[in-house]
Every structure is written in C-alpha cells, then in structure tokens.
Amino acid sequence: MVRKLKQNEMKGHLTYRRTPIEAESPEEWGYDKIKYNLAESSVPDFILGDLGLDLNNLQLSYSDHRGLPELRQSIAEEGDNITSDQVLITTGAVGALFIVVTSILSHKDHIVLLHPNYVANLETPRAIGCQIDYLRLSKENKFKLDLNQLEEAMKPNTRLISLTYPQNPTGTVLTRTDLNEIIALAESKGCYLLLDETYRDMTFNKSPLPLAASLSENAISVSSFSKAYGLPGVRLGWLISQNPVLLETFLAAKELIFICNSIVDEVIGSKFYTDFRTDFLKEINSHVSTNFKILEEYMTNNSYLDWIKPDGGCISFPWIKNEVDLSIRKFNKVLKETYKTFIAPGRWFEVDERFFRIGYGYPSKTELEGGLQCIIAAIEDCIQ
Ligand SMILES: Cc1ncc(COP(=O)(O)O)c(C=O)c1O
C-alpha cells in the first residue's frame, strides 16, 4: 500500500502552504460564476489585439537573462539615475519579491514587515522561517505607518524592511519625507528596504514618489505589469537595484528558477510599455477616478459601512460597523453565492472579518454600482 504524505511532512528548506487569497481567488473560483467582481486589485484586463502586434515571425528563443534590453531601458528612464543594467525583469512582481527575499534572508535573520500586505510579502519570509516583526496598520491610526514603531522594531540582525506603497489593501500612501526617513534608517542600520511599488502609477493625479531604488543602494524597488497596466496574463514584473552585488545575486536566482522570461511575454510587455503605457495610464486613471467618486458617494453616510479614504491605488479597505449585528460568515456566503458578488474578505488579509477589500478599479461603472448595492442587500439579509 502506498503511504499518503501529509502536508506537515513537507518540510523542505522553504516551507510552502497555500494561502486563502490564492486558493479562493476569483480565477480559482471561476470568472463565469461571478457577476460583480469587486475582488480584483487591478484595472480592467488589456486585450492583446489592441496592441496591433504580429507575432507570427517571432523566434521562440530564450530571451536576454536580465530581460529585453529595450524594455529595461524604458523602465530605467522612470528613475533619475537608473541604468537599464540595474533593472531585472521577472515573472511577475511576485517573482521579483521571491528572488529579493530569498536572496537576502536566511532563517537567522530578522525582517520588519508591513501588515496587512500583499500575500507573497508575508508568506515568503514565513516560508524561510526568519524572525518577523509586523508593523500593523490600524483603522484607529488611519492605516498610517508608524515610523517610531519601525525604528523600535529594528534589531541587530535586521536585514530587511519590507513595505508596499501605495498600500495593498488599504490604499494609503507614503510621503516623500517618510520615504527619505525610512531609507536613512535602513542605511544607518546596514539593512535593505524592499519597496513594493506595484501601485506607484496610481496616486490620484499627484506625482508618484521617486523610485526608491534611485535614492539609495540600500533600497530595492519592485513593480508589475499586472495592476496599473492590466496585463496580469503576461506574468511580467521587475526589480531595480543600484547595488551590483545584490543585482548579481538576483540574476543568479532568476537563472536558477526561470533562466529568463518568456520572449512572447516580453515582446508584448515591451510594446505595451513603450507605445501604450502613457495613454493607457491617462485613460485608466480617469476610469479609476470616476469609480472612486461612486465609491466615495456610496460610503458617505453609509449606515452599515465605514472606511479610511484611500489616497492611491485602486483598492479600499472598508469595514462593517461593529453595531451591525450579523454573522460575517453568512454575509460572505450570501454575497458570493446568492448575489454572485466577489469581494476580498478580511480573512484573506489575516484581519478581523468585518474588514474587506473592494477593488474599484477593475469593474466597469455599472458593475461597481451593481456590486455595491449587492453588498447592502447581503448585509440586510444577514442582520440578526
Ligand atoms: C502589492 C502587490 N505586489 C505584487 C503583486 C503580484 O503581482 P504580479 O501579478 O506582477 O506577480 C500583487 C498582486 O496582487 C500586489 O498586489
């Protein structure tokens, strides 16, 4: 008889586990079963045909290991003193985050980690088994980063500070002064700052912060094609660092895991980035701002929900008020199964289930309005 392996027997050097946010994601549940998708943390998906690319003669060879030079060049131009050699294209931002964290941290090291956060930022340090101090964002503190708490959390073995701004799931942003202070702290403690800048292009018409990596050799920037550009299907992201030793290690990690990116993905991504990105961002930021106004109006004087108004990104993190007496579990079930409306529940972010994330950048105006009304209807169905 074959003995079945149990999950807890899977103890490699890294300990992997599936997370609810991935296992229960809209794509795993089935897009065809969802009427109002308010769970996405991105903008509407871009359609390949809109690029006008003819890929028929594309030679399906390996690509440059660092990523297509013209793509890296275009990305480097976003930073004042960044060269294309300091950009590494990766398989999604998630690939970049994995490379950075596994290259820098061992189980003996300490990381200071923003919480809640995009799941891979939390799970990779956990998989390594390193020491973690969380910087917890709270509604009482308006989801603001507490710089004193960050400084107090530093230990002699702290190797990494890991932050995501504009923030996922709260949509809060960092100021330039905050960023300067955090970088100065990392430099003075001899550790690195990993800044997940996936939502950098979405700052409600204010200029984005400079790339963190352009400000210091101790800062690493990570970003993505998936969120602000709507190309999650090409699985492209990147990291930027001015530190040659780190870059060489990151490239070695990439070569070990993927060798290089898919040339098909890179040609598509490159065409988008050079010829479409600027106009697309104008269009998408206008869509996001129209939808944000709808959400803002909905939240004003909402008798069931409260929020901290976001300042960036395309997501918000409201909560059901404490005085609303309902079973959250039932609410989530009714909303998903009866109203076919998908939100990202608090459980996905390891916080009180009364919180949930609304992605207002992905749905059309009509879908957003429909989904928001379903949230009210589901709450009313579940009030005890
Ligand atoms: C903040 C943040 N970083 C990274 C990622 C991963 O993006 P990608 O699809 O490029 O791997 C996500 C996805 O949700 C995200 O929200």
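Bear in mind that the values here come from a model prediction, so they are computed numbers and not experimental data.

Draft legend 1. Here's a closer look at the overall build of the protein. When helices and strands are tallied, the protein shows eleven helices and 14 strands. Whereas a compact globule of 384 residues would reach a radius of gyration of roughly 21 Å, the protein reaches 21 Å, a difference of no more than 12%. Taken along the three principal axes of its C-alpha coordinates, the protein extends 65 × 60 × 55 Å. The buried share of the protein, taken over its 384 residues, is 46%. Restricting the contact set of the protein to residue pairs at least 6 apart, pairs at least 24 apart contribute 75%.

Draft legend 2. Examining helix α7 (residues 176–189) more closely. Given a rise of 1.5 Å per residue, 14 residues ought to cover 20 Å, and the 20 Å separating the end C-alpha atoms of α7 matches this to within 8%. Buried within α7 are the following residues: Leu179, Ile182 and Ala186. Buried positions in α7, seen along its axis, are confined to an arc of 65° and lie on one side of it. Away from its buried face by more than 90 degrees, α7 exposes Arg176, Thr177 and Ser188. Those residues of α7 that are buried lie in contact with α6 (147–153), β5 (158–164), β6 (192–196) and β7 (219–224). Positive phi shows up at glycine 190, right after α7, with a value of about 65°.

Draft legend 3. Broad picture of the domain arrangement of the protein. Segmenting the protein into domains produces domain 1 (7–45 + 278–382) and domain 2 (56–276). Taking only C-alpha atoms, the centre of domain 1 and the centre of domain 2 are 24 Å apart. Counting residues at the interface gives 32 residues for domain 1, matched by 30 residues for domain 2. For the side of domain 1 that touches domain 2, the secondary-structure elements that each account for two or more residues are α1 (20–23), α9 (263–299) and β10 (315–316). Sorting elements by how many residues they give to the side of domain 1 that touches domain 2 places α9 first, with six residues.

Draft legend 4. Summary view of the pairing of β5. Within β5, seven of the seven residues are buried, leaving the element largely enclosed by the surrounding structure. Two strands pair when backbone bridges link them, and strand β3 (residues 110–115) and β5 are joined in this way by four bridges, in the parallel orientation. Following the sheet pairing, isoleucine 111 is matched in β5 by leucine 160. In this structure, β5 lies alongside β6, joined through five bridges in parallel fashion. If you follow threonine 164 over to β6, its bridge partner there is aspartate 196. Handedness of the β-α-β unit built from β5, α7 and β6 comes out right-handed.

Draft legend 5. Quick peek at the site of the ligand. The environment of the ligand is formed by 14 residues, the closest being Gly92, Ala93, Val94, Ser224 and Ser226. By residue number, the principal contributor to the shell around the ligand is helix α4 (residues 92–104), which donates three residues. A class-by-class count of the residues in the shell around the ligand yields four nonpolar, eight polar and two charged.

Draft legend 6. Representation of the sheet that holds β6 in the model. Read from one edge of the open sheet, seven strands run β2-β8-β7-β6-β5-β3-β4, paired in mixed fashion. Taken across any chain shown, the strands that pair with only one partner, and hence form the sheet edges, are β2 (87–91) and β4 (131–136). Mean inter-strand twist for the sheet, computed between neighbouring axes without regard to direction, equals 20°. Across five bridges, the pairing between β2 and strand β8 (residues 236–240) is antiparallel. Residue threonine 91 lies in a different strand from β8, and its bridge partner there is leucine 236. Of the strands in this sheet, β2, β5, β6, β7 and β8 touch α4, which is tilted by about 35° from β8.

Draft legend 7. Summary view of the sheet that holds strand β13 (residues 344–345). Pairing is antiparallel across the open sheet formed by three strands, whose spatial order is β10-β14-β13. A single partner strand is all that each edge strand has here, and the edge strands are β10 and β13. Inspection of the sheet shows β10 paired to strand β14 (residues 356–359) by two bridges, in the antiparallel sense. Bridged to serine 316 within β14 is isoleucine 358.

Draft legend 8. Structural view of the nonpolar core. Grouped together as the largest cluster of nonpolar side chains are 102 residues, with contacts concentrated most on Leu97, Val100, Ile161, Leu193, Ile220 and Leu239. Each of two domains, domain 1 (7–45 + 278–382) and domain 2 (56–276), supplies a minimum of three residues to this core. Ignoring anything within four residues of it in the chain, the contact list for valine 100 reads Leu194, Ile220, Val222, Leu239 and Phe250.

What counts, and at which threshold
Residues numbered from 1 in each chain as written. Predicted model: local features only at pLDDT ≥ 70, side-chain atom pairs only at ≥ 80, totals over all residues. Helix = DSSP H or I, 4+ residues; strand = E, 2+ residues; numbered from the N terminus. Rg over C-alpha atoms; globule rule 2.2 N^0.38 Å. Buried ≥ 20, exposed ≤ 12 C-beta atoms within 10 Å, placed from the backbone. Contact = placed C-beta atoms within 7 Å. Expected span 1.5 Å × (residues − 1). Arc of directions from axis to C-beta. Domains from an automatic or database assignment. Pairing = 2+ DSSP bridges. Right-handed = clockwise from strand over helix to strand, strands pointing away. Near = placed C-beta within 6 Å. Nonpolar A, V, L, I, M, F, W, Y, C, P; charged D, E, K, R; others polar. Axes fitted to C-alpha atoms, helices over the stretch in contact; angles between N-to-C directions. Core = buried A, V, L, I, M, F, W, Y, C linked by C-beta atoms within 7 Å.

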